[in-house]
Amino acid sequence: MNKPTDLERSLPAIASISTSLSQSQGFSPYCYFSPEKRKAISDVRRTFCLFVTFDLLFISLLWIIELNTKDGIQKNLETEIIKYNFKTSFFDIFVLAFFRFFVLLLAYAIVKLRHWWVIAVTTLVSSAFLIVKVILSKLLTKGAFGYLLPIVSFVIAWLETWFLDFKVLTQEAEEERWYLAARAAASRGALLYPGALSEGQFYSPPESFAGSDNESDEEGAGRKALTTQEKEYIQQGKDAMEVVDQILAQEENWKFEKNNDFGDVVYTFEIPFHGKTFILKAFLQCSAETVYQEVILQPEKMILWNRTVAACQILQRVEDNTIVSYDVAAGAAGGVVSPRDFVNVRRIERRRDRYISSGMSTTHSLKPPLSKYVRGENGPGGFIVLKCPSNPRVCTFIWILNTDLKGRLPRYLIHQSLAATMFEFAFHLRQRVGELSGKP
């Protein structure tokens, strides 16, 4: 086996110093959220408030148009307000829209409630009033507006209910769970590693070369006797690594699916016996070693900057190159795809031109299936960080994902959510390396 270079020998020390420094500073998730980013009102809630405002303005516009027919606005205003008649006036529909606007903005923009009961009341009142008005009134004899105003008011009230319940509250609850998980992970990290990490605690796998895998594993086996289960984990890691190498060797056969404004591209590739595999390819303005440390060496701390991951725990370190982890993927598609958990075996290799973490689903006694999550199953896949031979300050990141989310989900929805999740992962990774490169 060739002798590692000075840079490769220094990676564990660099990682230990970096982690020690972050621990000495408390390693709080607040370090990753500046006050301006921790907004008093979320983006999705602000969108909801704008929609509620649109409700009032749109109903007002329709009413003004209705008033401006035949006898003019002034006379019609007198007829509908001063001489109000329940059976013929549209004024009460405008008042109903103002009622929704006032109550909803008071509850969800000023008081910032995180419950659906207020909008349930406004929708119930709106629906009941409109149904009674349509049955008892003579609006349907007043032309198109007799149909349009009640229908529009009814539909918008229910759209507001749907948006709050399925978008606002769901997304904010997910962000809250993510933040609490990140804070818990930070506190666990401080308890587990109160001082600088040693190379044994925060290891960097030995460099692997073609034909040297068996030798490395035999040396590891010489240090301790491996159980049958541990040998199976090692073999699963090797099998996943072999499939990953085959996928990388057939890049010309990858099928383009979609890209984004950052230049990230998602491809698909059919693997025999495993089915459709998604492949993310992203170009990053940072060294390969940075991504290697953030994504491959420190998976437990990925939840501090990556919202697509809700939890990650190392269950067992089998040997230098192989670990077993428990991972929880955050919900996707606006909450339609609920969080999934996975138990994965990972094999980590450092090569001359790349870093690889390959893996696939396995089982472990410490993490049987839980009722709170749907247990997903991963086929062969992993993370690859390609070094740039001409510029060490840039690299190419590849994520190979072959997964079965289980549950009764339409296949098109799964594929759409996976591609969106991969783009979101790349976005958070790019943010993270940007923060690291900006540190003094």
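No experiment lies behind these values; they were computed from the predicted model shown.

What counts, and where the lines are drawn
Residues numbered from 1 in each chain as written. Predicted model: local features only at pLDDT ≥ 70, side-chain atom pairs only at ≥ 80, totals over all residues. Heavy atoms only, no water. Helix = DSSP H or I, 4+ residues; strand = E, 2+ residues; numbered from the N terminus. Buried < 20%, exposed > 50% of the residue type's maximum accessible area, 1.4 Å probe, protein only. Contact = heavy atoms within 4.5 Å. Areas by Shrake-Rupley, 256 points an atom, 1.4 Å probe, with all protein chains shown as cover. Salt bridge = Lys/Arg side-chain N within 4 Å of Asp/Glu carboxyl O. Patch = residues over 30% accessible without salt bridge, like charges linked within 9 Å, V, L, I, M, F, W, Y side chains within 5 Å. Axes fitted to C-alpha atoms, helices over the stretch in contact; angles between N-to-C directions. Parallel < 35°, antiparallel > 145°, perpendicular 65-115°, else oblique. Nonpolar A, V, L, I, M, F, W, Y, C, P; charged D, E, K, R; others polar. pLDDT = per-residue confidence, 0-100. Phe/Tyr/Trp six-rings, centres within 6.5 Å; stacked < 30°, edge-to-face > 60°. Core = buried A, V, L, I, M, F, W, Y, C linked by side-chain atoms within 4.5 Å. Pairing = 2+ DSSP bridges.

1. Quick look at the overall build of the protein chain
Logical step 1: The helix and strand tally for the protein chain stands at 10 helices and 12 strands.
Logical step 2: Counting across all 440 residues of the protein chain, residues that qualify as buried make up 47%.
Logical step 3: Contacts in the protein chain between residues far apart in sequence, at least 24 positions, make up 68% of those at least 6 positions apart.
Logical step 4: For the protein chain, the exposed area adds up to about 22,700 Å²; of that, 61% sits on carbon and sulfur atoms.

2. Topic: the pattern of salt bridges
A side chain with one charge can pair with a side chain of the opposite charge if their charged atoms come near.
Logical step 1: Applying the stated criterion across every chain, the model contains 16 salt bridges.
Logical step 2: Among the salt bridges present, the one from Arg 45 reaches Glu 172, with a minimum N-O distance of 2.7 Å. With Arg 45 in helix H2 (residues 43-67) and Glu 172 in helix H6 (residues 144-192), this residue pair connects regions lying 127 residues apart in the sequence.
Logical step 3: Taking the relative accessible area as the measure of exposure, Glu 172 reaches 8% and is therefore buried.

3. Notes on unusual backbone geometry
Logical step 1: Of note in the backbone geometry, Lys 112 takes a positive phi value of approximately 60 degrees without being a glycine.
Logical step 2: Considering the arrangement of structural elements, one finds Lys 112 in the loop between helix H4 (91-110) and helix H5 (117-136).
Logical step 3: Here Lys 112 falls in the partly exposed class, since its relative accessible area comes to 35%.

4. A look at a nonpolar patch on the surface
Logical step 1: A contiguous nonpolar patch, built from Ile 131, Val 132, Val 134, Ile 135, Leu 136, Leu 140, Tyr 147, Ile 151, Phe 154, Val 155, Trp 158 and Leu 159 and spanning about 1,100 Å² of accessible area, is present on the exposed surface.
Logical step 2: Only H5 and H6 provide two or more residues apiece to the nonpolar patch.
Logical step 3: The element contributing the most residues to the nonpolar patch is H6, with six residues.
Logical step 4: Following the sequence through the fold, Leu 136 ends up in helix H5.

5. Side note on the packing of H4 against H5
Logical step 1: Across the interface, H4 lies against H5 with an axial gap of 10 Å and an inter-helix angle of 175 degrees. For the element pair H4 / H5, the angle class is roughly antiparallel. Where H4 abuts H5, its residues Asp 92, Ile 93, Leu 96, Phe 99, Arg 100, Val 103, Leu 104, Ala 107 and Tyr 108 lie against Trp 117, Val 118, Ile 119, Thr 122, Val 125, Ser 126, Phe 129, Leu 130 and Lys 133.
Logical step 2: The class makeup of the residues in the contact of H4 with H5 is 13 nonpolar, two polar and three charged.

6. Remarks on the confidence of the model for the protein chain
Logical step 1: Put simply, the protein chain has an average pLDDT of 78, and 76% of its residues get 70 or more.
Logical step 2: The low-confidence segment residues 1-38, where pLDDT is below 50, has 55 contacts with residues more than four positions distant or belonging to other chains.
Logical step 3: For the stretch residues 188-203, pLDDT sits under 50, and the model shows 22 contacts to residues farther than four places along the chain or on other chains.

7. Topic: the packing of aromatic side chains
Logical step 1: Summed over the entire model, instances satisfying the criterion amount to 22 aromatic pairs.
Logical step 2: For the pair Trp 63 and Phe 91, a centre-to-centre distance of 5.7 Å together with 40 degrees between the ring planes defines the contact as tilted. In this pair, Trp 63 sits in helix H2 while Phe 91 sits in helix H4, placing the two residues 28 residues apart along the sequence.
Logical step 3: A residue is classified by how much of its surface remains accessible, and Phe 91, at 22% relative accessible area, is partly exposed.
Logical step 4: Ring centres 5.5 Å apart and planes at 55 degrees place the aromatic pair Trp 254 and Tyr 267 in the tilted group. Placement of the pair is Trp 254 in the loop between helix H8 (228-249) and strand E1 (255-259) and Tyr 267 in strand E2 (residues 265-271), with a sequence separation of 13 residues. Each member of the pair Trp 254 and Tyr 267 is classed as buried.
Logical step 5: One aromatic cluster is present, formed by Phe 48, Tyr 108, Trp 162, Phe 163 and Phe 166 through successive ring pairs.

8. Points about the environment of Phe 278
Logical step 1: Relative to the helices and strands, Phe 278 is located in strand E3 (residues 275-284).
Logical step 2: Taking the C-alpha atoms as reference points, Phe 278 and Lys 255, separated by 23 residues in sequence, lie 9.5 Å from one another.
Logical step 3: Phe 278 has contacts with Val 266, Tyr 267, Thr 268, Trp 399, Ile 400, Leu 401, His 415, Leu 418 and Met 422, leaving out every residue within four places of it along the chain.

9. Remarks on the nonpolar core
Logical step 1: Among the nonpolar cores identified, the biggest contains 36 residues, and Val 291, Val 295, Phe 397 and Leu 429 are the most heavily contacted of them.
Logical step 2: Those elements giving two or more residues to this core turn out to be E3, helix H9 (288-297), strand E4 (309-319), strand E6 (340-350), strand E10 (381-387), strand E11 (395-401) and helix H10 (411-438).
Logical step 3: Top contributing element to this core by residue count: H10, with nine residues.
Logical step 4: Cys 49, Leu 105, Val 118 and Phe 145 belong to the second largest nonpolar core, which has 30 residues in total.

10. A word on the pairing of E3
Logical step 1: The sheet contact formed by E2 and E3 spans seven bridges and is antiparallel. Its bridge partner lying in E3, Tyr 267 is registered against Ile 279.
Logical step 2: Once E2 ends, the chain turns through three residues before running back antiparallel as E3, passing Phe 273 with a positive phi of about 75 degrees.
Logical step 3: When E3 meets E11, the two strands line up antiparallel, connected through seven bridges. Within E11, the position partnered with Ile 279 by the bridge is Ile 400.

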